[in-house]
Each structure stands twice: as C-alpha cells, then as structure tokens.
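Residue-level structure breakdown
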Amino acid sequence: MMDESNEIILQKSKRLTSVVWNYFERVRKADVCYAVCIQCNKKLSGSSNSGTTHLRNHLMRCLKRTNHDMSQLLTPKRRKKENPVTVATINFDEGQAKEEYLRPKFDQDQRRDEVVLSRGSGGRFSQERSQVDLARMIILHGYPLAMVDHVGFKVFARNLQPLFEAVPNSTIEDSCMEIYIREKQRVQHTLNHLYGKINLSVEMWSSRDNANYVCLASHYIDEEWRLHRNVLNFITLDPSHTEDMLSEVIIRCLIEWSLESKLFAVTFDSFSVNEEIVLRIKDHMSQSSQILINGQLFELKSAAHLLNSLVEDCLEAMRDVIQKIRGSVRYVKSSQSTQVRFNEIAQLAGINFQKILVLDSLVNSNSTFVMLETVLEYKGAFCHLRDHDHRFDSSLTDEEWEWTRFVTGYLKLVFDIASDFSGNKCPTANVYFAEMCDIHIQLIEWCKNQDNFLSSLAANMKAKFDDYWNKCSLVLAIAAILDPRFKMKLVEYYYSKIYGSTALDRIKEVSNGVKELLDAYSMCSAIVGEDSSFSGSGLGRAMDTRDRLKGFDKFLHETSQSQNTSSDLDKYLSEPIFPRSGEFNILNYWKVHTPRYPILSLLARDILGTPMSICAPDSTFNSGTPMIADSQSSLNPDIRQALFCAHDWLSTETEGTIPNSI
C-alpha cells in the first residue's frame, strides 16, 4: 500500500488532455509521479514522458475484468470535447493469437488519440444507443447481420470505441426488429391520415436458391403534393404457393394496413396474372368501398416490364442471328493480328467509327443492343472479311443484316424511352402517355413490313402490347389530360395516328371516362362534406333528427357540387395550354391550382400518383426477376421482411442528409 502521508494528489494541468485521465488519479511521491487507477488502485507511471498508451492498455484490461458500467465512471471526472480518433493499422499475421489482434493498438506519437464517446444523455457513452445505431446502419446499408461476428469488425469497433461491448447476431436481430416495428407505426400513421387514395404495386422477387417473394408497396401524393413510395410488405411465398394464392397475400396486406377503403389501383409486374386474382381483390374491395367507374382503372400493368418483355421477344426471335454475330465478334477479337487486320479493312472501307467491338452480357439485354448497334456500323468490314478470309465462318447473309437493322432500330426506340423513364426523378403518371403511344405507332407500322419474319415478330409483340394498352390506356390518357401542357390535345393528336377513322369514338370514350370519374369524386366529396357538417355539438345532432328538410340539404349540396364539377373540368380545359419550354413541375402546378379546381385536384392527386412503372431504373433490362442478396435468403422470413421494409423506410427518411444519429 502507498504511504498516503508522503503522497500529494496533483491538480491536473492543462497538458493532461487524454480521456484516459478521467479514470486515473495523478499523485506525486517524492520526485516521482504515479497514475493510480480509480477502479483497482493499481499504481502505474504517471510521468509526462511516459505517455498514456500503457494507461489505456491497463484501462481496457481492467474494465474487461470488472465489467463496469463506464457511463457512471465519467460522473465525478471532468469532461472534454472529443477529438477525431486515429485508428491504428492492425496486421493479421498468421501466427498472431486471436486475442492479440482483438487488443486495440494506439499510435504513441499522437496526443489526440482519445476514445470517442458515443453520446447518450448528458454526453456519456451509451451502449444501448450505439447498439441501436449499429442496427440502423446494418438496415440502411444492407450489411449482413453476421458482420457483428466478424473479427475485423470487432477490431474496428474496439479501436474506435473501447467501451463498446460486442453484441451477438441474435441481439442485433432483436434491435432491427424493434426499429422495424417503430418505423412501421410511423408509416401506418401517415397512411391512415392521408386525405387522398393510395395505389398498390405488386412485384415478384426471387433468390439464387429459387425461393420466391412478393414485394408490396404503396404509392401516393401527400397534401403537400409530394410523390411517395413506401414498401409495405416483403412476403416469403411458400414453396407450394400457386398463382391464385396471390390474391390472398394482397388482401392480407390491405387488411394489415387498413387500406381497403383507400385503394385506387393495383399495378402488377407480370402479364400472366390470372383474371381470377383481380376479381377476388375487387370482390373484397367492394365490401368496404366503391370501385370507381366499374373497375376500369383498377388493374394496371408496369410499363417497364412491358418494355422488357418486348425486348426479350425481339432477342429471342433473333437468337440464331445474334449467335452468329457473337461468333463474328469473337473471331475478330481472337488474336491481336486478326484485330489489326480487321481495323485495316474497316479503314479501307471508309469506316471511321471509333467504337470498339465488345461481346454482350447474357443477363443484360442493353449490352446486346450495344453490340448489335456497333456491329451494324462495321457491316462493310465484316462483309469484306467474309470475302477474303476463308477461316471466317460466322458471316451474316444480306437478309440477316436487314433483320438486324430493323430490330436494332426498334430496340433503340425502346431503350431511349426506358432511359427517359428511369431519368425522371418524379415519375408521375402523365409522363408515360406520349412514349407508349410512340411504341404503339411503331408496332403498327412494323406489322405492315413485307418481310414475313419481321411482320410476324411485330404481330406477336403487338398482341402483347394490346393487352397492356387495354388495361392502361384510359389511365394514361386521363393523366395526359391532367397535364396543363397537353390537356385533350395530346390525346386527339396521338389517337388520330393510332386509330385513324375511329379516332373520334376513342377520344369520346376518354372524355366520357374523365367525366364519369369526376362525377364519382364529386359524390365522394359531397359525402365527406355532409359528414363534416354533422360533426359538431350534440345539440346540432339532436336538431338534425327533427329536421324534416335535412334531405333537401343533401340534395342542395349534391346538385351544387355537380354544377361545380362541370365548371371545374370545363374551366380547366378551356384555359390556355401551358408552354412546353423550360422546367415544369406538374405537382407544383396542382398544388397552386387546388383552390381553383377543388374537385379536379382530388382526381389529379390520385391519377398522377398511380405507379405506371414499378421496376428499378438500373434493372429494367436485366433478365429474370429482381433477386435478394444471398445474405438475406437464409434469414427467418420475419427478420427478412423487417430488414427489407425498414431499409426502404430509413432510406427515404435519411435521403440527401447525413444525420447526427441514423
């Protein structure tokens, strides 16, 4: 034991800046300075020349042995502002014991290598807060849950914050589930208090082990006229799942989120959805709410999935020709001498094209389009190679070159349109009408081709497009009408090209559809207005029961609303069309003009928020369904759904910001 009568407890000078001095008393005995651990009273060198590394190493061993709550140790000691941490490089040598490289190393030359405290209340380190932040980080960035068991992560965490105690995988799962439940309540509250309708999208997912999942997401425009998308469920389908069970999955989702009375439309990713599925959903919906205009707008198909399907049809029909083209490219790139000779032939043929021949990826049709487009530019060089190189056996016939030219031209139209869709940061429903009409017109023209192969291919593609058009054309047209830059004029322009002599009848169908839909919104608005007028005091309700003219009040309200509705639409259509030049935000337009068109704006909110495409921009032309990460495919279905949904919610919440605590 120390002779306390000969020891003097020194006041800490300004030079004692390291956080480790929060856990040591500095005392002097004779001419020697010591640092006494306040946990175990062990005496170590406290000389200013000794640094603090040995104190830190002792502190970590001491705390690990005593398992003390460090947040309380900070109470009697002074606190200082933390500086950025310097994480030392740790080499994982083969002969190094595991416990050694779990021991944090610190740079002795650094005077600002303090432990950075993860702050809870009062600026103290909080194990609980750090654990929640770790779970949110895993969710937000899609890291595997097993990362908390990785040695490298444990080393990093210990070096960054020695006070943080490693947590097992199961504990992080529980934290992720708690975050999911809390965020779900927030999303539920938002959906419950929306004034307008909500749209639902249904997209199938898979995994490398051939498991199947369904992703259900809500799409809507809020009261501030901002477009939103929220994943609601990510459901693991039973291996015995049959297609007709999809309706049960969707209905359970509607019930879980209380959306039966709010649903406007459902957008599917598949073109093979059984009609019985839609009928079951409609039957369930009809029990709690009105399905607008006999359900003509209820079932929709994803435009991105249609485009992908048309591209796949083209490439499948051209499969043999594309195989020969791949063989041609492989031959040219088989050796450096062949490549040089091909380049010389291209120059002699007057080809100044600078693109390099590359083989396509079998899982990305966009790369196949690039290959075809490049090969067409070198057509003259390939034909010359065919005539002068007897080893080249993958040449195309003149007919096959013509097929390639036509198919590549059509693919260019599709890819350009898909690029426009994916580049739109606010994909409201009005942006799709003109683009889909262009594809429709091109297919009609292609069907007239004299070549049997091309006309047959076009006919098959048009049959698939017609199925999409029959489901979606009315929504597309109404959305275009609600764009003040186009109104009815764009429908009239394209329908005259598509339908010819029957265009007027088709235009009238659209016009009648808008009016019928607006009448339905007027009736709903009248009911809401009636309910709100009766929501006053008890005296008011008592007087209503004796009022024999309350039926007249309802009649007056409904007829007045009908007149307002008529003038709403007529006034909107009669006003000048906005110019197409410059930036235009359709949501800002309707936000500003809501007071001018009160009923029409209700319709605009729901129509413009309808998801006409539900495919991620970077996966539009990838073959197959989207796939989950391998690290998630082996998880419990509940935790998998929690991670998938919470990732979407947290990404939306933190988009464009770097929060103090995620």
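The rules behind the values
Residues numbered from 1 in each chain as written. Predicted model: local features only at pLDDT ≥ 70, side-chain atom pairs only at ≥ 80, totals over all residues. Heavy atoms only, no water. UniProt positions renumbered as here; feature names shortened; annotations may be inferred. Salt bridge = Lys/Arg side-chain N within 4 Å of Asp/Glu carboxyl O. Helix = DSSP H or I, 4+ residues; strand = E, 2+ residues; numbered from the N terminus. Pairing = 2+ DSSP bridges. Axes fitted to C-alpha atoms, helices over the stretch in contact; angles between N-to-C directions. Contact = heavy atoms within 4.5 Å. Buried < 20%, exposed > 50% of the residue type's maximum accessible area, 1.4 Å probe, protein only. Phe/Tyr/Trp six-rings, centres within 6.5 Å; stacked < 30°, edge-to-face > 60°. Lys NZ or Arg CZ within 6 Å of the ring centre and 35° of its normal.

As annotated in an unreviewed UniProt entry, the chain is HAT C-terminal dimerization domain from Arabidopsis suecica. Under Subcellular location (unreviewed entry), UniProt gives the following word-for-word description of the chain: "Nucleus". Quoted verbatim from the Subunit (unreviewed entry) heading of the UniProt record, the comment on the chain is "Homodimer."

Right, let's get into the pattern of salt bridges. Using the criterion set out here, one finds 25 salt bridges in the structure. Between arginine 208 and aspartate 630 there is a salt bridge, with its nearest N and O atoms 2.5 Å apart. Within this pair, whereas arginine 208 is found in the loop between strand E5 (198–206) and strand E6 (212–221), its partner aspartate 630 is found in helix H23 (residues 630–633), the two being separated by 422 residues in sequence. The partner of lysine 412 in a salt bridge is aspartate 416, and the shortest N-O contact between them spans 3.4 Å. Taken as a pair, lysine 412 and aspartate 416 lie in helix H14 (residues 398–423) at a separation of four residues, close to a single helical turn.

This brings us to the sheet that holds E6. Pairing is mixed in the open sheet, where five strands are placed in the order E7-E6-E5-E8-E9. What marks the edges here is a single partner per strand, and that holds for strand E7 (227–236) and strand E9 (299–301). The average undirected angle you get between the axes of adjacent strands in this sheet is 25°. As paired elements, E5 and E6 share eight bridges and run antiparallel to each other. Along E6, the bridge assignment pairs asparagine 199 with histidine 219. The strands touched by helix H6 (residues 169–192) within the sheet are E5, E6 and E7, with E6 carrying the most contacts at an inclination of about 45°. The sheet strands contacting helix H7 (residues 246–256) are E5, E6, E7 and strand E8 (263–268), and the helix crosses E6 at an angle near 45°.

With that settled, the discussion passes to the pairing of E8. Burial of E8 is extensive: six of the six residues sit out of reach of the surface. In terms of strand pairing, E8 meets E9 through three bridges, oriented parallel. Looking across to E9, one finds that threonine 267 is bridged to leucine 300.

Right, let's talk about the packing of aromatic side chains for a bit. Tallying each qualifying case throughout the model produces 29 aromatic pairs. Residues phenylalanine 382 and tryptophan 401 carry aromatic rings whose centres are separated by 6.5 Å and whose planes lie at 40° to one another, so their mutual orientation is tilted. With phenylalanine 382 in helix H13 (residues 379–388) and tryptophan 401 in helix H14, the pair connects residues that are 19 residues apart, well separated along the chain. For phenylalanine 382, a relative accessible area of 4% translates into the label buried. Relative accessible area serves as the criterion here: at 4%, tryptophan 401 is assigned to the buried category. Between phenylalanine 465 and tyrosine 468 the ring centres are 6.0 Å apart and the planes differ by 50°, which places this aromatic pair in the tilted class. Placement of the pair is phenylalanine 465 and tyrosine 468 together in helix H16 (residues 452–481), with a separation of three residues, close to one helical turn. As far as burial versus exposure is concerned, phenylalanine 465 and tyrosine 468 are alike and both buried. Following the ring pairs from residue to residue traces out a cluster consisting of Phe433, Phe465, Tyr468, Trp469, Tyr493, Tyr494, Tyr495 and Tyr499. Sitting over the face of the ring of tyrosine 34, lysine 43 holds its NZ or CZ atom 4.3 Å from the ring centroid.

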